[in-house]
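Listed below, chain by chain, are the residues.
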Amino acid sequence: TGALCFRDVRFAYDPERPILKGISFDVPAGKTVAIVGPSGAGKSTLSRLLYRFYDIQSGSITIDGQDVRDVTQKSLRSVIGMVPQDTVLFNDTLAYNIHYGRPDATEADVMAAADAAQISGFIAKLPNGFQTMVGERGLKLSGGEKQRVAIARTILKAPPILILDEATSALDTHTEQEIQSALDVVSKNRTTLVIAHRLSTVIGADEIIVLKDGMIAERGTHASLIASS
Ligand code: ADP
Ligand code: ADP
């Protein structure tokens, strides 16, 4: 489940300046489609429309055939997991931050998710493992560590659909590679929309869509796009 269908999606923040000018593509259930393109091309806007952060003005976006406009934001949030560009964490324990997406999860589930996101070692850095991460106690997290907490949260929530919005763009190359491998684990067999600015970060995607000026400029696999460039 979790098949996505974008049909002739049009959107403008300002009616004078259309951002998306008729975008159509599918993300078959369990597959990964990457949207790449220069900054300002409308990539993040596309993901915000799926999440109903904004509503599309023309065309349709469906999940398993159901129009997202007929789905409440609450239920959308339960089926879509988002690993954003810059993760904002709650000023609370590591466990709280991971637990947040799925309050019914057990502590063992939380630890398993932390393990899968490769932050077990990072938990060990904390006295008792569950000390306050930020604030007075002052454990400071790097961008990469925060991303891993976001990934652990998403693993725990286990949504059928994932949006990875330039999830590694703020990181240095080494951290980016580490996070990328954690993300590959989360996105395996899950319907995944990856927003990226470089082709090199989406080599494994089933399809890559190149967005330019609000339109699809090119599409194909990594190999076919490299061959044609
Ligand atoms: P990308 O993710 O490809 O960098 P975005 O989808 O973030 O592009 O933005 C596409 C265009 O829409 C940009 O020109 C940006 O300035 C504009 N834009 C983004 N968000 C807003 C907003 N909330 N209000 C008005 N314009 C916006
Ligand atoms: P990095 O440069 O390692 O990618 P960031 O740019 O995200 O990390 O953050 C820069 C620095 O700000 C971190 O190394 C950390 O010391 C501090 N920092 C990050 N997040 C927080 C936070 N939530 N609370 C307090 N300090 C933080």
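Computed from a prediction, not measured in an experiment: that's the story for all the values here.

What follows is about the site of ligand 1. Near ligand 1 lie 13 residues; those nearest to it are G40, G42, K43, S44 and T45. Note that an oxygen atom of ligand 1 is positioned 3.2 Å from one of the side-chain N or O atoms of R17. Residue T45 places a side-chain N or O atom 2.5 Å away from an oxygen atom belonging to ligand 1. The fraction of the free accessible surface of ligand 1 (560 Å²) that becomes covered by protein chains is 66%. Classifying every residue of the shell around ligand 1 by side-chain character gives five nonpolar, five polar and three charged.

The next thing to look at is the sheet that holds strand 4 (residues 58-63). Taken in spatial order, the four strands line up as 2-1-4-5 in an open sheet, and their pairing is antiparallel. At either end of the open sheet lies a strand with only one pairing partner, and these are strand 2 (20-27) and strand 5 (66-67). With respect to the sheet, helix 1 (residues 43-50) is in contact with strand 1 (4-11), strand 2 and strand 4, its orientation differing from that of strand 1 by roughly 115 degrees.

For the rest of this paragraph, the subject is the pattern of salt bridges. A complete count under the given rule lists eight salt bridges for this structure. In this structure, D26 and R7 form a salt bridge, with 3.1 Å as the shortest nitrogen-oxygen distance. In this pair, D26 sits in strand 2 while R7 sits in strand 1, placing the two residues 19 residues apart along the sequence. Where R102 meets D104, a salt bridge forms, and the shortest distance between an N and an O atom there is 3.3 Å. The class of D104 is exposed, set by a relative accessible area of 59%. If you follow the salt bridges from partner to partner, you end up with R102, D104 and D109 in one network.

This brings us to the nonpolar core. Core analysis: the biggest nonpolar cluster contains 34 residues, and I98, I151 and V202 have the highest contact counts within it. If you list the elements that add at least two residues to this core, you get strand 3 (32-36), helix 3 (94-99), helix 4 (107-116), helix 6 (143-157), strand 7 (161-165), helix 7 (173-187), strand 8 (191-196) and strand 9 (207-212). Here this core takes five residues from helix 6, the largest share from any one element. Dropping the residues within four chain positions of it, I98 is found in contact with V110, A113, A114, I119, V149, A152, R153 and L156. Of all hydrophobic cores here, the second largest spans 29 residues; its members include I19, A41, I56 and I163.

To describe a pair of aromatic rings, one takes the distance between the centres and the angle between the planes. The final tally for this structure, using the stated rule, is five aromatic pairs. Ring geometry for F53 versus Y54: centroids 5.5 Å apart, planes at 85 degrees, classification edge-to-face. Taking the relative accessible area as the measure of exposure, Y54 reaches 33% and is therefore partly exposed. Feature note: the residues F11, Y13, F53 and Y54 constitute an aromatic cluster, connected by ring pairs.

Counted at 1.5 Å a residue, the expected span for helix 6 with its 15 residues is 21 Å, and the 21 Å between its end C-alpha atoms agrees. Among the 15 residues of helix 6, eleven are classified as buried, and the element is accordingly described as predominantly covered. Buried residues of helix 6: G144, E145, Q147, R148, V149, A150, I151, A152, R153, T154 and L156, and no others. Phi for A158, located one or two positions after helix 6, is positive at around 45 degrees.

Conventions used here
- Residues numbered from 1 in each chain as written.
- Chains lettered and ligands numbered in written order.
- Predicted model: local features only at pLDDT ≥ 70, side-chain atom pairs only at ≥ 80, totals over all residues.
- Heavy atoms only, no water.
- Near = heavy atom within 4 Å.
- Polar contact = N/O pair within 3.5 Å; in protein donor to acceptor, adjacent residues only side chain to side chain.
- Areas by Shrake-Rupley, 256 points an atom, 1.4 Å probe, with all protein chains shown as cover.
- Nonpolar A, V, L, I, M, F, W, Y, C, P; charged D, E, K, R; others polar.
- Pairing = 2+ DSSP bridges.
- Helix = DSSP H or I, 4+ residues; strand = E, 2+ residues; numbered from the N terminus.
- Contact = heavy atoms within 4.5 Å.
- Axes fitted to C-alpha atoms, helices over the stretch in contact; angles between N-to-C directions.
- Salt bridge = Lys/Arg side-chain N within 4 Å of Asp/Glu carboxyl O.
- Buried < 20%, exposed > 50% of the residue type's maximum accessible area, 1.4 Å probe, protein only.
- Core = buried A, V, L, I, M, F, W, Y, C linked by side-chain atoms within 4.5 Å.
- Phe/Tyr/Trp six-rings, centres within 6.5 Å; stacked < 30°, edge-to-face > 60°.
- Expected span 1.5 Å × (residues − 1).

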